[in-house]
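Fold and geometry: a report
Given next are the chains, with one letter for each unit.
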Amino acid sequence: MIGGPVRIGALVSGSGSNLQAIIDAVESGQIKGGLVVVVSSNDRAYALERARQHGIATEVVRYEDFSSRREFSEQIAHVLTEYRVDLVCLAGFMRILDRVFFERYHGDAMNIHPALLPAFGGKGMYGHLVHEAVIASGTQFSGATVHFVTEECDVGPIILQDIVRIEDDDTPESLAAKVLQVEHRIYPKAVELYCAGLLTVDGMRVRRRSGQ
Ligand code: GRF
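Let us look at the structure shown here. (Residues numbered from 1 in each chain as written. Predicted model: local features only at pLDDT ≥ 70, side-chain atom pairs only at ≥ 80, totals over all residues. Heavy atoms only, no water.)

**Considerations on the overall build of the protein chain**
Of the regular secondary structure elements, the protein chain holds six helices and 10 strands. Against the globule reference of 17 Å for 212 residues, the protein chain gives a C-alpha radius of gyration of 16 Å, in line with a compact fold. When the backbone C-alpha atoms are referred to their principal axes, the protein chain occupies close to 50 × 50 × 35 Å. Taken over 212 residues, the protein chain has a buried fraction of 47%. Of all intrachain contacts in the protein chain linking residues separated by at least 6 positions in sequence, the fraction that spans at least 24 positions is 65%. Surface summary for the protein chain: the accessible area is close to 10200 Å², and the carbon and sulfur share equals 48%. For the protein chain, the distance from the average position of its 21 positive side-chain charges to the average position of its 27 negative side-chain charges is 5 Å. (Helix = DSSP H or I, 4+ residues; strand = E, 2+ residues; numbered from the N terminus. Rg over C-alpha atoms; globule rule 2.2 N^0.38 Å. Buried < 20%, exposed > 50% of the residue type's maximum accessible area, 1.4 Å probe, protein only. Contact = heavy atoms within 4.5 Å. Areas by Shrake-Rupley, 256 points an atom, 1.4 Å probe, with all protein chains shown as cover. Lys, Arg positive; Asp, Glu negative; His and termini not counted. Charge placed at Lys NZ, Arg CZ, Asp CG, Glu CD.)

**Remarks on the site of the ligand**
Taken together, the residues surrounding the ligand are Ser15, Gly16, Ser17, Asn18, Gly92, Ile112, His113, Pro114 and Glu183. The separation between an oxygen atom of the ligand and a polar side-chain atom of Ser17 is 2.5 Å. At a separation of 2.7 Å, an oxygen atom of the ligand approaches a polar side-chain atom of Glu183. About the coverage of the ligand: the protein hides 81% of its 370 Å² of free accessible area. Secondary structure elements with two or more residues in the shell around the ligand: α1 (17-27) and β6 (109-113). Class assignment of the residues belonging to the shell around the ligand gives a composition of two nonpolar, six polar and one charged. (Near = heavy atom within 4 Å. Polar contact = N/O pair within 3.5 Å; in protein donor to acceptor, adjacent residues only side chain to side chain. Nonpolar A, V, L, I, M, F, W, Y, C, P; charged D, E, K, R; others polar.)

**A word on helix α2 (residues 46-53)**
All of the buried residues along α2 are Ala47, Leu48, Arg50 and Ala51. Projected down its long axis, α2 shows its buried positions confined to an angular sector of 160°, all on one face. Those residues of α2 that are buried are in contact with β2 (6-12), α1, β3 (33-40) and β4 (57-60). Remark: Gly55 follows α2 within two positions and exhibits a positive phi of approximately 70°. (Arc of directions from axis to C-beta.)

**A short note on the packing of helix α5 (residues 128-137) against helix α6 (residues 172-195)**
Closest axis-to-axis distance for the α5/α6 pair is 9 Å, and the angle between their directions is 110°. Taken together, the axes of α5 and α6 lie roughly perpendicular to each other. Packed against α5, whose contacting residues are His131, Glu132, Val134 and Ile135, the element α6 presents Pro172, Leu175, Ala176 and Val179 at the interface. Class assignment for the residues of the contact of α5 with α6 results in six nonpolar, one polar and one charged. (Axes fitted to C-alpha atoms, helices over the stretch in contact; angles between N-to-C directions. Parallel < 35°, antiparallel > 145°, perpendicular 65-115°, else oblique.)

**Focus on the pairing of strand β10 (residues 205-208)**
Direction of pairing for strand β9 (residues 199-202) relative to β10: antiparallel, over a ladder of four bridges. If you follow Thr200 over to β10, its bridge partner there is Arg207. Counting the residues in the hairpin turn of β9 and β10 gives two residues, including Gly203, whose phi is positive at 65°. (Pairing = 2+ DSSP bridges.)

**Overview of unusual backbone geometry**
Backbone phi values are negative for most residues with the exception of glycine, while trans is the configuration of most peptide bonds. Backbone torsion omega between Leu117 and Pro118 reads 10°, so that peptide bond is classified as cis. Within the secondary structure layout, Pro118 lies in the loop between β6 and α5. Positive phi is not limited to glycine here, since Arg84 has a value of about 50°. Tracing the backbone shows Arg84 in the loop between α3 (69-82) and β5 (87-90). Of the residues examined, Arg84 reaches a relative accessible area of 55% and is grouped as exposed. Located in the positive-phi region is Phe120, a residue other than glycine, with phi close to 55°. Relative to the assigned elements, Phe120 resides in the loop between β6 and α5.

**A word on the environment of Leu48**
As for its position among the elements, Leu48 is in helix α2. In the structure, Leu48 is positioned 34 residues away from Gly14 in sequence and 8.6 Å away in space, judged by C-alpha atoms. Those residues within four positions of Leu48 in sequence are excluded, and the remaining contacts are Val38, Ser40, Asn42, Asp43, Thr58, Glu59 and Val60.

Everything listed here is a matter of coordinates, which is why it stays silent on function.
So, in structure tokens, the structure goes:
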């Protein structure tokens with residue numbers, strides 16, 4: 001474990017650049033919380049390597065090893081509970097979780113999405129598909145969203161968002177790169193606010209109390 005009192009667990013499947021941003025913010029003291037475990041659905045995820053480099057425990061829970069989404073989700077919740085995780089950060093986690101997970105972590109799990117929800121979210125809207133759809137729509141702005149995770153994909157209360165302008169010559173790749181920079185700024189900030197106890201959820205609206 002690195003860091004302080006709120007026990008954070010991250011769920012990952014891929015490169016883990018958002019995980020890295022959270023690790024950096026824990027190590028710099030911006031986030032008053034400790035990363036106690038990184039759980040990956042993919043045993044080859046580079047995110048696991050990042051965790052090891054920072055002395056954070058790692059676990060692999062592969063969807064393919066379970067006979068149902070429910071059992072997979074139960075195992076994820078079980079591992080996080082074993083590590084006494086308070087806050088779960090989905091950071092490029094490519095699996096949809098069953099309601100058993102939310103029975104345990106409702107209000108204490110966040111996700112980052114590479115667009116301005118509630119637009120361009122939901123099942124099938126991930127990775128480059130999001131940026132392709134955004135560009136095809138003709139919208140002039142995109143951005144990133146950190147939200148609390150609920151049973152319905154990409155629909156939970158929004159914690160933080162920020163925008164990027166889409167230029168005429170942007171491609172899905174160039175847009176993804178610009179959005180990723182926003183992600184790396186707002187995800188650690190959302191975790192910081194949660195760990196400082198400054199977030200309250202009022203229906204779909206997340207209210208942020210002042211820290212001082
Ligand atoms: C990010 O674009 C995030 O918004 C999405 O998956 C991607 C993960 O990237 N949910 P990384 O693994 O954090 O680099």
